[in-house]
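Take a look at the letters that make up each chain.
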Amino acid sequence: MRTTRFIALLSFLLSTAFVSVPANESEVTPIQQLFLIKELKPNISRIGVIWDKNTTGRDQILPQLERASAATGIKVIVGEVANLQEVAPQFRTLLRDHRIEALWILEEAGLLGQAATRSFLIKSATQAGMPVFAPSETWLKEGACVTWRKDAGGIQLVVNKAVAEAMGITIPAKYQDRTAFLAMN
């Protein structure tokens with residue numbers, strides 16, 4: 001029964017993830033993001049999220065993460081931080097105690113918008129051999145793997161090709177026409 005529901009949900013997401021976007025839906029939802037992560041890294045079972053406790057909308061996003069986790073079968077472990085000094089210990093806890101296989105950053109506001117935070121997380125994840133799924137192209141330019149954006153045609157993947165290849169991520173053929181590769185110097 002659970003497998004049937006999962007297949008039905010994935011079919012729905014696949015059929016709606018790359019269609020036109022209503023004007024009032026300008027962001028890629030967490031469930032869409034996690035579905036895409038599963039498509040890009042099919043064997044992933046555990047993903048870590050670093051979350052700024054001070055972010056507004058926390059109460060709306062965390063239930064979405066739970067639903068996304070249940071729908072995809074990927075365990076989402078959230079590590080909350082309140083200041084820069086908590087980022088490194090929280091990352092190490094996610095890596096060591098929860099054995100995450102990738103890092104997923106949902107937002108770029110507040111603490112997670114700071115260059116020091118971004119640099120530390122990308123460098124640490126890369127050293128651990130795990131991809132970083134990021135909220136913007138700013139993160140990609142610094143070494144994250146993939147981000148996404150909505151445009152008039154639907155969801156578009158934006159990929160740092162060199163990092164994606166190094167992390168063993170290949171873009172499935174069905175997404176090639178909706179993928180932009182970040183031009184790096």
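Let's talk about the overall build of the protein
Looking only at helices and strands, one finds seven helices and seven strands in the protein. Listing every helix and strand of the protein by position from the N terminus yields α-α-β-α-β-α-β-α-β-α-β-β-α-β. Across the 185 residues that make up the protein, the buried fraction comes to 45%. Sequence separation of 24 or more characterises 65% of the internal contacts of the protein that already satisfy a separation of 6 or more. A total of about 9200 Å² of accessible surface is found on the protein, and carbon and sulfur atoms cover 52% of it.

Things to note about the packing of helix α2 (residues 30-40) against helix α3 (residues 58-72)
Their axes nearest at 8 Å, the elements α2 and α3 cross at an angle of 35°. Both α2 and α3 take part in a crossing whose hand is right-handed. For the pair α2 and α3, the contacting residues are P30, I31, L34, F35 and K38 in the first and Q64, L65, R67, A68, S69, A71 and T72 in the second. Residues of the contact of α2 with α3, tallied by class, amount to seven nonpolar, three polar and two charged.

About the thresholds
- Residues numbered from 1 in each chain as written.
- Predicted model: local features only at pLDDT ≥ 70, side-chain atom pairs only at ≥ 80, totals over all residues.
- Heavy atoms only, no water.
- Helix = DSSP H or I, 4+ residues; strand = E, 2+ residues; numbered from the N terminus.
- Buried < 20%, exposed > 50% of the residue type's maximum accessible area, 1.4 Å probe, protein only.
- Contact = heavy atoms within 4.5 Å.
- Areas by Shrake-Rupley, 256 points an atom, 1.4 Å probe, with all protein chains shown as cover.
- Axes fitted to C-alpha atoms, helices over the stretch in contact; angles between N-to-C directions.
- Left-handed = near helix turned anticlockwise from the far one by under 90°.
- Nonpolar A, V, L, I, M, F, W, Y, C, P; charged D, E, K, R; others polar.

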